[in-house]
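Okay, here's what each chain looks like letter by letter:
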Amino acid sequence: MEKTPYSLCVVGALVFFTAIFAGQAATNLPGANYVEGDVIVTFKSSIGTNAAQQILSGRSLGWRKRFGELSRRRGKQTGLVHSKNKTTAQLIVELSQNPDVETAEPNYLRTFSARQPDDPLFGFQWALDNTGQSVNATTGTVGDDIHFVSAWGLSQTSPTNPPVAVVIDSGVDYTHPDLAGNMWVNTGEIPGNGKDDDGDGYVDDYYGYDFADNLPSPMDSGYHGTHVAGIIAAVGNNSLGVIGVNYHARIMALRASSDGENLSDAAIIEAIQYAILKKNSGVNIVVINESFGGSGYNSAEYAAMQAAGNVGIIFCVAAGNNTNDNDTTPMYPASYGLSNEIVVAATDQNDTLASFSNYGASSVDIGAPGGNVLSTLPVAVVTNSGLEVFSTVEQGGTQYSANDIKYSGISTGLTAKVYYCGLGNPSEFPAAVSNNIALIQRGTLTFASKVANAMSAGARAAIIYNNVSGNFLGTLGGPAPNWIPAVSVSLADGQAIQTNATATIIHGLYQYLDGTSMATPQVSGAVTFAAMNFPNETVTQRIQRVLGNADVLPGLAGVVRTGARLNLQRIVDTDTNGLPDWWELAYFGQLTGINSNADPDHDGVGNFAEWIAGTNPTNAASVLKLAASEATAANAVLLSWPSVAGKIYRLEKSTDLASGFNFLVMTNIAATPPTNTLADPAALSGGSQFYRVEVEQ
């Protein structure tokens, strides 16, 4: 390392691996978890093995673990020491005073943390992350969910060939802003030219096909299919709405209903036939979602589903909503009993069988969240049908429960200032409400008149609050092409909303629904998640990965065959050691059974830390480490570290590690493999400097 005009200490660090206390006494450690009484010590390069041992012995210490390979590669004796009668802070003070000791550091305890998605309605998706929150007036139990966040922290990166989930249903609104980016498209077809460009027998089948009416567009004939599609694969981390169970999957929309309520076997069979055709042409179809059922057995439908299984397609099928025992009262297609079929019951926010759900100790396979499930709603339904939709108001970090004013306009996240406008008479609207949000009290005028007057004043949205306790349901009376978004809130919330302050309104495009229809796409999403992480597994292996790694629950014993509710995390980490199965297979040739704390390449970094950093646990040269030199600019430091594609880094520094790393050099640093280089022009004068690089994601 080149000499610099100040003392420079450079620390290579993995995610959460904090840096080193060196060259100074430290009486207080930063607030972090570490093994009390442990210290990791590095001696200066002039100190050999025997000398290091003598220094430790002179202080009644010895190596609890010497990092032999790391010591050899660095030319510095490094290892772990432990004292039964001294604290870590005391040991660091004592060892740091020895001129032969280069660094002393706590033996920190690490935990894995995955990032929450930025989709604003994620907090309402209890099925993915149940924090005990109240959702749609029902309070859940912490942890009674499919463990979505931790599962995605263990997942492979975005696939080059995303798995496709076929939704045979009422159709899908493929223009929905939270679905459009994840719709499967037929690249061999030119949309709207009236020709069968790819020669598959279907004209203009760009997003799929309508087999109910033999038409190219599979646009939703109701709302059911769009809701199902959003549960499986709503676009994630787009700062909009909700997120799908597998937000890297694609949705193929196959419409089999003309009225949004009924599906014919003929349309269903032809849709399955189309999926087989596309699978054989190279489309990566892994699952067909069938959130429907009826009482009649159909041998042709059975044969079609069996044929799909023969080409590698799994069916996820709803158990039904009649509170029936499917073992004694069959429901089809759920009761076909095919080997490529997963039959799904619905669970609630407290991990019990939903009150409406069918069940079956031998004929229903698994439970999945199916009550109060928030997902996507077709655009046309919001503005034309008067169907009740999801609404919320957020201001200053407070979320206010809101009701839909029926037929009002759509808002995916309208943000503006709120102005009080009395009862909504024309004279009560201040000029400043133009291009902002009108807060109006209920009373005297109709809701339509209040909103119309707000529109005349130039308001972009309206909040109407009650004149008695509680909230209310309102309507604008009918559809109109230009209604602005309008929601209702309770009297207390209306009075709490601050005027002349910014608020955000979300209205429409999402809806709560109950049913095994909502539980089934949770499992379909899980199947695509399994396929994305383990693309070479067979249908049988994939089904076992989903069913064999679910959470066994007392409330599901004797109710479903596995007695369990879906667990997305264990699909990717079946031995729950914190290391994904696909990673263990890639580096160790086995899917499970790797010690996450072991260090097979002897580089001083364990398997778990190598996984986080994206480095090779079997190659000692592959490890996250910092190097530094003086840059050409005066008083600057040039830092570099080996980087891995897809990782995001954070660089911090400190002059006193007892106070922690309290200077941020840069965050959100994208990897530029094989090496990232960054100059710190604001080098601090005098004393030691410590740098730390972390993996942010």
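Residues numbered from 1 in each chain as written. Predicted model: local features only at pLDDT ≥ 70, side-chain atom pairs only at ≥ 80, totals over all residues. Heavy atoms only, no water.

Asks: Would you mind going over the environment of Gln569 with me for this structure?
Replies: Locating Gln569 in the fold gives a position in helix 13 (residues 568-572). Leave out the neighbours within four places in its chain, and Gln569 touches Ile146, His147, Ser150, Ala151 and Leu154. Within the structure, the side chain of Gln569 is placed 2.8 Å from the side chain of Ser150, a separation counted as a polar contact. (Helix = DSSP H or I, 4+ residues; strand = E, 2+ residues; numbered from the N terminus. Contact = heavy atoms within 4.5 Å. Polar contact = N/O pair within 3.5 Å; in protein donor to acceptor, adjacent residues only side chain to side chain.)

Asks: Just to check I follow, could you spell out the packing of helix 6 (residues 265-280) against helix 7 (residues 299-310) for this structure?
Replies: Two measures define how a pair of helices packs: the angle their axes make with one another and the distance between the axes. Interhelical geometry of helix 6 versus helix 7 gives an angle of 15° and a closest axis separation of 10 Å. Here helix 6 lies roughly parallel to helix 7, going by the angle between them. The interaxial crossing formed by helix 6 with helix 7 has left-handed handedness. Residues Asp265, Ile268, Ile269, Ile272 and Ile276 of helix 6 touch helix 7, and the partners they reach there are Ala300, Glu301, Ala304, Met305, Ala307 and Ala308. Here the residues of the contact of helix 6 with helix 7 sort into nine nonpolar, no polar and two charged. (Axes fitted to C-alpha atoms, helices over the stretch in contact; angles between N-to-C directions. Parallel < 35°, antiparallel > 145°, perpendicular 65-115°, else oblique. Left-handed = near helix turned anticlockwise from the far one by under 90°. Nonpolar A, V, L, I, M, F, W, Y, C, P; charged D, E, K, R; others polar.)

Asks: Mind showing me how you'd approach the nonpolar core here?
Replies: One broad trend across soluble globular proteins is that nonpolar side chains are buried collectively. Core analysis: the biggest nonpolar cluster contains 80 residues, and Phe148, Ile251, Ile342, Val523, Leu566, Leu568 and Trp641 have the highest contact counts within it. Among the elements that line this core, the one with the most residues is helix 11 (residues 516-533), at nine residues. The contact partners of Val523, leaving out residues within four places of it in the chain, are Cys316, Ile342, Val344, Ile366, Ala368, Val546 and Leu566. Counting residues in each nonpolar core, the second largest holds 40 residues, with Val164, Leu254, Val283 and Met305 among its members. (Core = buried A, V, L, I, M, F, W, Y, C linked by side-chain atoms within 4.5 Å. Buried < 20%, exposed > 50% of the residue type's maximum accessible area, 1.4 Å probe, protein only.)

Asks: Whenever I open this one, the side chain of Asp220 confuses me. Can you help?
Replies: Inspection of the secondary structure puts Asp220 in the loop between strand 9 (208-210) and helix 5 (224-233). Here Asp220 sits buried without a salt bridge, and the closest side chain of opposite charge, Arg255, lies 6.7 Å off (N-O distance). Of note is the side chain of Asp220, whose polar atom sits 2.8 Å from the backbone nitrogen of Gly222. Here Tyr223 takes part through its backbone nitrogen, which lies 3.4 Å from a polar atom of the side chain of Asp220. (Lys, Arg positive; Asp, Glu negative; His and termini not counted. Salt bridge = Lys/Arg side-chain N within 4 Å of Asp/Glu carboxyl O.)

Asks: Is there a simple way to explain empty space enclosed by the protein in this structure?
Replies: Under the counting rule described, the total for this entry stands at one cavity of 30 Å³ or more. Of the voids in this model, the largest cavity is the one considered here, and its volume is about 90 Å³. Taken together, the elements giving at least two residues each to the lining of the largest cavity come down to helix 5 and strand 15 (373-376). Per-element tally for the lining of the largest cavity: the top contributor is strand 15, with three residues. (1 Å grid on protein atoms, 1.4 Å probe; cavity = no way out; pocket = protein on both sides within 12 Å on 5 of 7 lines; lining within 4 Å. Points joined across faces, edges and corners; volume = space filled by probe spheres on them.)

Asks: What's the story with the packing of aromatic side chains in this structure? I'm lost.
Replies: Aromatic ring pairs are reported here in terms of the distance separating the ring centres and the angle at which the planes meet. The full count for this structure, using the stated rule, is 26 aromatic pairs. Aromatic side chains Phe124 and Phe390 sit 4.9 Å apart centroid to centroid with 70° between the ring planes, which places their arrangement in the edge-to-face category. Of this pair, Phe124 sits in the loop between strand 5 (101-108) and strand 6 (134-135) while Phe390 sits in the loop between helix 8 (379-384) and strand 16 (391-395), placing them 266 residues apart in sequence. Since its relative accessible area comes to 5%, Phe390 is described here as buried. Taken together, Phe122, Phe148, Trp152, Tyr247 and Phe529 form an aromatic cluster joined through their ring pairs. Of note, Arg442 hangs over the ring of Phe472, and the distance from its end group to the ring centre comes to 4.4 Å. (Phe/Tyr/Trp six-rings, centres within 6.5 Å; stacked < 30°, edge-to-face > 60°. Lys NZ or Arg CZ within 6 Å of the ring centre and 35° of its normal.)

Asks: Would you take a moment to explain the pattern of salt bridges for this structure?
Replies: Two side chains carrying opposite charge are able to pair once their charged atoms lie near each other. Inspection of every chain in the model, using the stated rule, returns 17 salt bridges. In this structure, the salt-bridge partner of Asp210 is Arg255, at a minimum N-O distance of 3.3 Å. With Asp210 in strand 9 and Arg255 in strand 10 (residues 250-255), this residue pair connects regions lying 45 residues apart in the sequence. An identical accessibility class is assigned to Asp210 and Arg255; each is buried. For Glu537, the salt bridge identified is with Arg545, shortest N-O distance 3.0 Å. The same class applies to Glu537 and to Arg545, which are both buried. Ionic contacts of the salt-bridge type, sharing partners, join the residues Asp198, Asp200, Asp205 and Lys278 into one network.

Asks: Would you explain helix 9 (residues 447-456) in this entry?
Replies: Residues separated by three or four positions in an α-helix point in the same direction, a consequence of the helix having 3.6 residues per turn. By the burial criterion, the buried members of helix 9 are Phe447, Lys450, Val451, Asn453 and Ala454. The buried side chains of helix 9 occupy one side of the element, clustering within an arc of 160° when seen end-on. On the buried face of helix 9, the contacting elements are strand 19 (437-441), strand 20 (461-465), strand 21 (474-475) and strand 22 (486-489). With its phi angle positive at about 95°, Gly458 sits one or two positions after the end of helix 9. (Arc of directions from axis to C-beta.)

Asks: Would you mind showing me how to read the side chain of Asp38 here?
Replies: Examined against the element boundaries, Asp38 turns out to sit in strand 2 (residues 34-43). Only 2.6 Å separates the side chain of Asp38 from the side chain of His82, close enough to count as a polar contact. Reaching out from Asp38, the side chain makes a polar contact with the side chain of Asn107 at a distance of 2.9 Å. Not counting the four nearest positions on each side in its chain, Asp38 is found in contact with Arg64, Leu80, Val81, His82, Thr88, Glu105, Pro106 and Asn107.

Asks: Can you help me understand helix 3 (residues 88-96) in this one?
Replies: Most of helix 3 is tucked away: eight of the nine residues are buried. Among all positions of helix 3, only Thr88, Ala89, Leu91, Ile92, Val93, Glu94, Leu95 and Ser96 are buried.

Asks: How should unusual backbone geometry be read in this particular structure?
Replies: With the exception of glycine, most residues fall at negative phi, and the peptide bonds are largely trans. Look at the link from Tyr332 to Pro333: it is a cis peptide, with omega at 15°. Relative to the assigned elements, Pro333 resides in the loop between strand 12 (314-318) and strand 13 (341-347). The amide bond that connects Pro673 to the next residue, Pro674, takes the cis arrangement and shows omega of 5°. Along the chain, Pro674 falls in the loop between strand 30 (663-670) and strand 31 (675-680).

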